[in-house]
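# Observations on the model geometry
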Amino acid sequence: MTSSLVGSEMCKETGLKLVEFYAAWCGYCQKQRPILNELSENNIWIGTIDADKNPELVKQYAISGFPTFLLFKEGKVIAKLSGYHEKSELLSRLMGNLH
């Protein structure tokens, strides 16, 4: 996902979208990757943004640590989660925002 896709996809599409801001050098981000892959295999929309390559988005969304997740609904940020999260935690947060 690139910075241009964040604006266009988040505004146009409906439903929940989970976007992870990560850094290649971040150990917790690397540990988080298999969990995100599992979630995406279950038809959960997940986008990833390399913070080092997209500093303007890091600033726009006030990202201060990695990984940080933004949960979008109908194009608006409805939740922000920072740090490593187990699969069950991410699913719980997603399910809690379905309505």
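Now for a description of the structure that goes with this document. (Residues numbered from 1 in each chain as written. Predicted model: local features only at pLDDT ≥ 70, side-chain atom pairs only at ≥ 80, totals over all residues. Heavy atoms only, no water.)

## Description of the environment of Leu39
Its location among the elements puts Leu39 in helix H2 (residues 27–41). Sequence separation between Leu39 and Leu90 is 51 residues; the distance between their C-alpha atoms is 9.0 Å. Excluding residues that lie within four positions of it along the chain, Leu39 makes contacts with Ile44, Ile46, Lys87, Leu90 and Leu91. (Helix = DSSP H or I, 4+ residues; strand = E, 2+ residues; numbered from the N terminus. Contact = heavy atoms within 4.5 Å.)

## Re the packing of H2 against helix H4 (residues 87–96)
Put simply, H2 and H4 touch, their axes get as near as 10 Å, and they point 45 degrees apart. Taken together, the axes of H2 and H4 lie oblique to each other. The hand of the H2/H4 crossing is right-handed. Listed contacts from H4 to Gln32, Ile35, Leu36, Glu38 and Leu39 of H2 are Lys87, Leu90 and Leu91. (Axes fitted to C-alpha atoms, helices over the stretch in contact; angles between N-to-C directions. Parallel < 35°, antiparallel > 145°, perpendicular 65-115°, else oblique. Left-handed = near helix turned anticlockwise from the far one by under 90°.)

## As for H2
Over its 15 residues, H2 extends 23 Å from the first C-alpha to the last, a length consistent with the 21 Å expected when each residue adds 1.5 Å. Listed as buried for H2 are Cys29, Gln32, Ile35, Leu36 and Leu39. Of the residues one or two after H2, Asn43 is the one with positive phi, at around 60 degrees. (Expected span 1.5 Å × (residues − 1). Buried < 20%, exposed > 50% of the residue type's maximum accessible area, 1.4 Å probe, protein only.)

## Here's the deal with the side chain of His85
By the secondary structure assignment, His85 is in the loop between strand S4 (76–82) and H4. There is a polar contact of 3.2 Å between the side chain of His85 and the backbone oxygen of Ser82. When residues no more than four places from it in sequence are discounted, the contact partners of His85 are Gln32, Ile35, Phe69 and Leu90. (Polar contact = N/O pair within 3.5 Å; in protein donor to acceptor, adjacent residues only side chain to side chain.)

## What about the nonpolar core?
Judged by nonpolar contacts, Leu16, Leu18, Ile35, Leu36, Leu39, Ile46, Phe69, Leu71, Ala79, Leu81, Leu90 and Leu94 together constitute the single largest core of twelve residues. At the level of secondary structure, the elements contributing two or more residues to this core comprise strand S1 (16–22), H2, strand S3 (68–73), S4 and H4. Element by element, the count of residues in this core is highest for H2, at three residues. What Leu71 contacts, discounting residues up to four positions off in sequence, is Leu16, Lys17, Leu18, Lys76, Val77, Ile78, Ala79, Arg93, Leu94 and Asn97. Membership of the second largest hydrophobic core comes to ten residues, among which are Phe21, Leu57, Tyr61 and Phe72. (Core = buried A, V, L, I, M, F, W, Y, C linked by side-chain atoms within 4.5 Å.)

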